[in-house]
Amino acid sequence: MIFITAKFRILPQYADDWPAIARDFTLATRAEPGCLWFDWSRSVEDPTEYVLVEAFRDGEAGAAHVQSDHFKTAQQTLPPHLAETPRVVNFEVPQDDWSELGELAVRR
């Protein structure tokens, strides 16, 4: 799978509204057949920072994502709300889902 984590620094006046601002893009991406997950989290230390964790089945699915109409729309509609260009880490990972964190295993 293609595993991507991106940090988005949002302009302060838009930080609380970011989930709504990115909603259409988020929902459309989650509906892509090759999307495994597409999840936003907000930093507990910096309220203007959101982290996006996303994964796609393979490189073909990732390419389809960046070529989609909703991605092209997001390229126009999201940057005006950003304080800086998002930073990203992108890896191909030889698995297709989350693995358990054995060091913190829950035993019942």
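Residues numbered from 1 in each chain as written. Predicted model: local features only at pLDDT ≥ 70, side-chain atom pairs only at ≥ 80, totals over all residues. Heavy atoms only, no water.

Can you walk me through the nonpolar core in this structure?
Note on soluble globular proteins: their nonpolar side chains tend to be buried together. In terms of nonpolar packing, the biggest core is built from 17 residues, with Phe 8, Ile 10, Trp 18 and Phe 56 touching the most fellow members. Within the residue set of this core, elements represented by two or more residues are strand 1 (2–9), strand 2 (35–42) and strand 3 (49–56). Among the elements that line this core, the one with the most residues is strand 1, at four residues. By size, the runner-up hydrophobic cluster in this structure holds five residues, among which are Met 1, Trp 37, Val 53 and Ala 55. (Core = buried A, V, L, I, M, F, W, Y, C linked by side-chain atoms within 4.5 Å. Buried < 20%, exposed > 50% of the residue type's maximum accessible area, 1.4 Å probe, protein only. Helix = DSSP H or I, 4+ residues; strand = E, 2+ residues; numbered from the N terminus.)

Explanation requested: the pattern of salt bridges in the structure shown.
Any two side chains of opposite charge can pair, given that their charged atoms come close. Within the structure shown, the criterion is met by nine salt bridges. For Glu 49, the salt bridge goes to Arg 9, with nearest N and O atoms at 3.3 Å. Placement of the pair is Glu 49 in strand 3 and Arg 9 in strand 1, with a sequence separation of 40 residues. Assessed through its relative accessible area of 22%, Arg 9 is described here as partly exposed. Note that Arg 87 and Glu 84 form a salt bridge whose closest N and O atoms lie 3.6 Å from each other. Since its relative accessible area comes to 35%, Glu 84 is described here as partly exposed. Each member of the salt-bridge network shares a partner with another, and the members are Lys 7, Arg 9, Asp 46, Glu 49, Glu 84 and Arg 87. (Salt bridge = Lys/Arg side-chain N within 4 Å of Asp/Glu carboxyl O.)

Looking at this model, I keep getting lost on the layout of surface pockets. Mind explaining?
Rolled over the atoms, a probe sized like a water molecule indicates the empty space that remains. The computed volume of the largest pocket comes to approximately 460 Å³. In terms of lining, the largest pocket is formed by 23 residues, of which the most central are Phe 8, Phe 25, Glu 54, Phe 71 and Pro 86. Mapped onto the lining of the largest pocket, the elements with two or more residues apiece are strand 1, strand 3, helix 3 (59–66), helix 4 (69–77) and strand 4 (87–92). At four residues, the largest contribution of residues to the lining of the largest pocket is made by strand 1. In terms of residue class, the lining of the largest pocket is built from 16 nonpolar, five polar and two charged. (1 Å grid on protein atoms, 1.4 Å probe; cavity = no way out; pocket = protein on both sides within 12 Å on 5 of 7 lines; lining within 4 Å. Points joined across faces, edges and corners; volume = space filled by probe spheres on them. Nonpolar A, V, L, I, M, F, W, Y, C, P; charged D, E, K, R; others polar.)

I would appreciate a short explanation of the pairing of strand 4 in the present structure.
The side chains of a regular strand alternate, first on one face of the sheet and then on the other. With respect to burial, strand 4 is a largely exposed element, only zero of its six residues being buried. The pairing of strand 1 with strand 4 spans six bridges and is classified as antiparallel. Of the residues in strand 4, the one forming a bridge with Ile 4 is Asn 90. (Pairing = 2+ DSSP bridges.)

Would you take a moment to explain helix 2 (residues 23–30) for this structure?
Owing to its 3.6 residues per turn, the α-helix aligns residues three or four sequence positions apart on the same side. Among the residues of helix 2, Phe 25, Thr 26 and Thr 29 are the ones counted as buried. Taken down its axis, helix 2 places every buried residue within 100° of arc, on the same side. Buried residues along helix 2 sit in contact with strand 2, strand 3, helix 3 and helix 4. (Arc of directions from axis to C-beta. Contact = heavy atoms within 4.5 Å.)

Please clarify how the side chain of Glu 54 should be interpreted in this entry.
Counting through the fold element by element, Glu 54 comes out in strand 3. Here Glu 54 sits buried without a salt bridge, and the closest side chain of opposite charge, Arg 30, lies 9.9 Å off (N-O distance). With residues up to four places along the chain from it excluded, the contact list for Glu 54 reads Ile 2, Phe 3, Ile 4, Trp 37, Phe 38 and His 65. (Lys, Arg positive; Asp, Glu negative; His and termini not counted.)

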